[in-house]
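# Residue-level structure breakdown
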Amino acid sequence: MSLDALSRRAVREFQSAFQSTPELLVHAPGRLELLGNHTDYNQGLVLATTLDLAVNVAVARRPDATHRLHSSAFPRADIHQRGERGRQLPRGHWARYALALLGELEREALSPGGWDISVCSDLPPGAGLSSSAALLVAIAIAVGGLPHRTAAQRLRIARLCQAAEHRVGVPCGLLDYLAILHGKAGHALKLDLRTNRVRPIRWPRSLALVLIDSGVRHQLTGGGYARIERACATAARSLGVASLREVTRATLNRFLSTPGRRLRPGELDAINHVLTENERVRLAVRALQRGEQEGLGALLSESHRSSRDRLSNSTPELDDWVSRCASTPGWLGGRLTGGGFGGMTVHLVRAARQRAFLRQLSPGTSALAARLGGGLRVIPVNRRTPHSG
Ligand code: ADP
Ligand code: MG
């Protein structure tokens, strides 16, 4: 759905939920991890992109301190809540995200009073495309009126959203918010999670992406993700470094050849994965800049093998999609994307072959011809208060 159609829908839905017109609409794209699996919390590198799927949030200030929340993705679950004294919502309820963020904004004196907030999205929730982060970023900008032009302003918003997501029980890093806040049309993004620096990398028109949903849903709170995080943390401790980002092949070899130094099972795999995955991100940026399409595809497939063999976060369904697509003309490489244990595979294909690639997938396959999206958009509808951006 184009931005215009989605924003028109967002205004209509706001009007029917609250019988009034929104002041402002914020369009926040979803993000896709192209490379950099489980590198973010190791202060590593990630190649990501925003998508043309987005969460739209329409808002209007209220004359009292009540928040009214509506989302068409979760009908019959509208919330009316006065300040922070409202009833406790059940775990997993979508409005907990919104209220956690409103709480963070209130703590920073950024959003006095109450708000009507309506959420309208074509980004599938829970599919690893960061609908939760898009939702939070959109509300932070729409309600908080926060400027988001400079890297420092974007980092501030990312930290507010992270604090809110931690509050609802998801111990996430800054990656998703930073990618969404730095999204740029026609560009992928190289993110460095040690410095929180983000660099746009031009994406050639000759390259397209296809996402295939395995249909298997992961739980961020499940044990697999935590097991990998723990292996990375204990490996860093064993090596005496602050994070696995500090590890080079030379320091690893020195450690391994020192008598008496040992690593627990799983630690060496975690180290080798993060080390090589950071290298793959660097090589991918170079491949994009030089137009080396086969090289880029091979890096995606190598990343999949590293996740599968070293982190054990693949599933038979994800492996199956990567190996089945490998024999399709136009396919350059593919991998699991996101935390793993289900979710999606992303495939790099020649743009000229994208339609043919999609046609040969078996009927009923949940596939998406993903387009690189643009950045955030702030769209005044019926402006009463100035918002900068
Ligand atoms: P992901 O971020 O990969 O999509 P998460 O499990 O982190 O998956 O976040 C999904 C949650 O974000 C949903 O369960 C819901 O609480 C919230 N969310 C996403 N999209 C919407 C929406 N359109 N309306 C309301 N809440 C949403
Ligand atoms: Mg999320």
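One structure accompanies this document, and this report is about it. Remember, predicted model here, so these are calculated numbers, not experimental data.

Applying the stated rule across the entire model yields 21 salt bridges. Glu108 is the partner of Arg156 in a salt bridge, and the nearest nitrogen-oxygen pair spans 3.8 Å. Within this pair, whereas Arg156 is found in helix H4 (residues 151-167), its partner Glu108 is found in the loop between helix H2 (95-107) and strand S5 (115-121), the two being separated by 48 residues in sequence. Arg194 is the salt-bridge partner of Glu246, the closest N and O atoms lying 3.4 Å from each other. With Glu246 in the loop between helix H6 (223-239) and helix H7 (249-257) and Arg194 in the loop between strand S6 (187-192) and strand S7 (197-202), this pair connects stretches of sequence that are 52 residues apart. On the accessibility criterion, Glu246 (33% relative accessible area) is partly exposed. One connected set of salt bridges, linked through shared partners, spans Glu33, Glu277, Arg280, Glu302 and Arg335.

In this section: the pairing of S5. Burial runs high along S5: six of the seven residues are buried. By the bridge criterion, seven bridges tie strand S2 (residues 45-61) to S5 in an arrangement that is antiparallel. Following the sheet pairing, Arg61 is matched in S5 by Trp115. Judged from the four bridges that link them, strand S3 (residues 66-71) and S5 form a sheet pairing that is parallel.

As a further point, take the site of ligand 1. Close contacts around ligand 1 come from 18 residues, with Ser71, Gly126, Gly128, Ser131 and Ser132 the closest. Separating a nitrogen atom of ligand 1 from a side-chain N or O atom of Ser71 is a distance of 2.6 Å. Between Gly126 and ligand 1, the recorded distance is 2.8 Å, taken from a backbone N or O atom to an oxygen atom. Coverage of ligand 1 by the protein chains reaches 87% of its 570 Å² of free accessible surface. Mapped by element, the contributors of at least two residues to the shell around ligand 1 are S5 and helix H3 (131-144). When residues of the shell around ligand 1 are assigned to their parent elements, the largest contribution, three residues, is made by H3.

A word on the environment of Phe357. Position of Phe357 relative to the elements: it lies in helix H11 (residues 354-359). Placed twelve residues apart in sequence, Phe357 and Ala369 show a C-alpha to C-alpha distance of 9.8 Å. Apart from the residues lying within four places of it in its own chain, the contact partners of Phe357 are Val210, Cys325, Thr328, Pro329, Trp331, His347 and Val349.

Reading the values: rules and limits
- Think of each chain on its own: its residues are numbered from 1, step by step along the sequence as written.
- Ligands are numbered from 1 and chains lettered from A, in the order in which they are written.
- The predicted origin of the model limits local features to residues at a pLDDT of at least 70 and limits the giving and counting of side-chain atom pairs to 80 or more, whereas totals for whole chains, interfaces and linings rest on all residues.
- To get the side-chain values, all heavy atoms of the structure are used, and hydrogens and water are removed first.
- The rule for a salt bridge is simple: a side-chain nitrogen of Lys or Arg has to be within 4 Å of a carboxyl oxygen of Asp or Glu.
- Each helix corresponds to a stretch of at least 4 residues labelled H or I by DSSP, and each strand to a stretch of at least 2 residues labelled E; elements are numbered beginning at the N terminus.
- When accessible area is computed with a 1.4 Å probe and restricted to protein chains, residues below 20% of their type maximum are described as buried, those above 50% as exposed, and intermediate ones as partly exposed.
- A pair of strands is treated as paired once DSSP finds two or more bridges between them.
- When at least one non-hydrogen atom of a residue lies within 4 Å of a molecule or strand, that residue is treated as near it.
- Side-chain atoms alone can form a polar contact between residues adjacent in sequence; in general such a contact is a pair of N or O atoms within 3.5 Å, and within protein one must be able to donate a hydrogen while the other accepts it.
- Only the protein chains shown count as covering a residue, and every accessible area follows the Shrake-Rupley method with a 1.4 Å probe.
- In what follows, a contact means two residues having at least one pair of non-hydrogen atoms within 4.5 Å.

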